[in-house]
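Structure at a glance
For reference, the chains in residue letters:
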Amino acid sequence: MLGIVKVWTSLPASKQLVLAGVLGATIFAFSMLARTASTPSMSLLYSGLDASAAGEVIDALERMDVPTDVRGGSIYVPVNRRDSVRMKLAREGLPQQGQAGYELFEGLNGFSTTSDMFDVTYWRAMEGELARTILSTPGVKSARVHIAQERSGAFSRNRPQPKAVVTITMARGELNTAQANAVRYLLSSSVPGLTADQVAVLDSDRGVILSPGKMGRGALNQSDATEREQRIEMDILDLLEARVGPGNARVQVALEVDVEREAITERVIDPAGRVVSGRETTEVTERSSGAQNGAVTVASNLPEGDTNGAGSQSSTERTQTDETLSYDLSEVRREREKMPGSIKRLSVAVLVNELEEQDDEGNITTAPRPEEELTALRDLVAMAAGINEQRGDTLTIRSLPFKPIENTGVTAERDMLSQFSERHLMTLVQIIVLSIVTLVLGLFVVKPLLTVEPAAEPQLAVEQLAAAEPSPAPAPPDALDALKSLATDKTDETAGLIQSWLEEPETAR
């Protein structure tokens, strides 16, 4: 300690100031490096959360005393605690995505809750639970459910039919028709009185996927046609590889789909056919009878009449039957609705690899496949793809040699050194930087400041002493005192002279 104080006091003021500044900069650099080394590596915990869900997660992390770093819409935690933190948050039901569910009933009070308030809470809870179920689908980022339920009167017989709209945002990929139909049937099966045709499914990026109305395939888009093409390609490829082997066949399908919806009404009249449409029968019967006297005499004209005269009886009866027949022409009425999705034209291209043959010397040559085999493969592909020549479908199959794939690189395997460097790369960088800074400060700053300047030449020191004492005469009795006073006045020159004497090697005399 005394040596350090002595060296410090021996330095001039300018060097003391520079050394103090260097010492402060060194302490600051060491503190920054130590702080960086002590800061844990952060890893992504959650991203894409809404504001309310992110706030709940951060509050839970603060209760757990976990360091957090919020970068935009992402939350980062120390990498060594990420998995355990996720499990603890999941145990608490965090993060809560979408709308609130049945927990809304916990805030209801039986004494102050009206029937209207209960109905509103019930539908809100139903919407929240359905949204959570949709969020469990892989690839779904957010979901929102709206159920429209009209209120019916107390004495109304017909209850209004509910309707629903689902808005989905995908984290990756696109919402296809199959997923939209699954969401539609989920809501129709969960909400009483809701039918599947009254559920509309929307994609926040692409718009309407399924519109309310009659059940069918819905609105077709390019992704649906692509899915059907891929399904046909996979079926044909599985069939071909069973014969030619894996990797020896390529299939390409081009599908032209009719996207128009058409309603057709047909009426066919057969003029040669006559059908009795009605028969009317009318039958009339008339009957009449009377008495007829004999000859007319004067006695018959008397008031008394001719009571003794002889008479005769007469009767008449008539029957008439009329029949009316009505005929209509033979007629057939047909009503047909053509839904979108029918195939207008299908084109299939198949490429199979040629046969490989090896001669006696080990050389491999290729040869085209026989025409009989290509014909058999053509028939199989036509049956698997549903080729209809009347519709204009085409099928092309060729046997050509495949170009071998060249290996342009070498697969690098991870060893223990690379794994260690990947895990502790930042620590190694910090240690290297700290070592370089320490070495540079020690060699180029601290050492030059602490090194004593080289002493003056002995001859120069002697000349200075001689100039200070010009008299060549022998030293007087008090010469020792004069030399002491001279050494006290000229400390640096005296120290340099003594050092040069000590370092001068002895010479043989």
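Anything mentioned here points back to the structure above.
Scoring rules and cut-offs
- Residues numbered from 1 in each chain as written.
- Predicted model: local features only at pLDDT ≥ 70, side-chain atom pairs only at ≥ 80, totals over all residues.
- Heavy atoms only, no water.
- Salt bridge = Lys/Arg side-chain N within 4 Å of Asp/Glu carboxyl O.
- Helix = DSSP H or I, 4+ residues; strand = E, 2+ residues; numbered from the N terminus.
- Buried < 20%, exposed > 50% of the residue type's maximum accessible area, 1.4 Å probe, protein only.
- Core = buried A, V, L, I, M, F, W, Y, C linked by side-chain atoms within 4.5 Å.
- Contact = heavy atoms within 4.5 Å.
- Pairing = 2+ DSSP bridges.
- Axes fitted to C-alpha atoms, helices over the stretch in contact; angles between N-to-C directions.

**Notes on the pattern of salt bridges**
- Per the counting criterion, the structure on display carries eleven salt bridges.
- For Arg-334, the salt bridge goes to Glu-266, with nearest N and O atoms at 3.6 Å. In this pair, Arg-334 sits in strand β10 (residues 311-338) while Glu-266 sits in strand β9 (residues 262-293), placing the two residues 68 residues apart along the sequence.
- According to the relative accessible area criterion, Glu-266 is partly exposed, its value standing at 33%.
- Of the charged contacts, one joins Arg-369 and Glu-373 as a salt bridge, the two residues approaching to 3.0 Å between their closest N and O atoms.
- Using a relative accessible area of 9% as the deciding quantity, one classes Arg-369 as buried.

**Describing the nonpolar core**
- Within the largest apolar cluster, 24 residues are counted, with the highest numbers of intra-cluster contacts made by Ile-134, Val-145, Ile-147, Val-166, Ile-168, Leu-187 and Val-201.
- Within the residue set of this core, elements represented by two or more residues are α5 (115-135), β4 (140-148), β5 (163-170), α6 (177-190), β6 (199-203) and β7 (207-210).
- Ranked by the residues each element gives to this core, the list is headed by α5, at six residues.
- In this structure, Val-166 is in contact with Ile-134, Arg-144, Val-145, Val-183, Leu-187, Val-199, Ala-200, Val-201 and Leu-202, ignoring residues within four places of it in sequence.
- Val-253, Leu-255, Leu-346 and Leu-374 belong to the second-largest nonpolar core, a separate cluster that totals 20 residues.

**What about the sheet that holds β6?**
- An order of β4-β5-β6-β7 is seen for the four strands of this open sheet, with the pairing classed as mixed. Either end of the sheet is taken by a strand with one partner, and the two such strands are β4 and β7. Along the sheet, successive strands turn relative to each other by an average axial angle of 25 degrees, direction set aside.
- Note: β4 against β5, eight bridges, orientation antiparallel. Its bridge partner being in β5, Ser-142 is matched across the sheet by Thr-169.

**Considering the sheet that holds strand β3 (residues 74-78)**
- If you trace the three strands from one edge of the open sheet to the other, you get β1-β3-β2, paired in antiparallel fashion. Looking along the sheet, the strands with just one partner apiece sit at the ends: β1 (42-47) and β2 (69-71). Direction aside, the axes of adjacent strands within the sheet are offset by 35 degrees on average.
- When β1 meets β3, the two strands line up antiparallel, connected through five bridges. Note that in β3 the partner of Met-42 across the bridge is Pro-78.
- In the packing of helix α3 (residues 51-63) onto the sheet, the strands contacted are β1, β2 and β3, and the crossing angle to β3 comes to about 15 degrees.
- Contacts from helix α4 (residues 82-91) reach β1 and β3 within the one sheet, and its direction differs from that of β1 by about 25 degrees.

In short, geometric facts, not functional conclusions.
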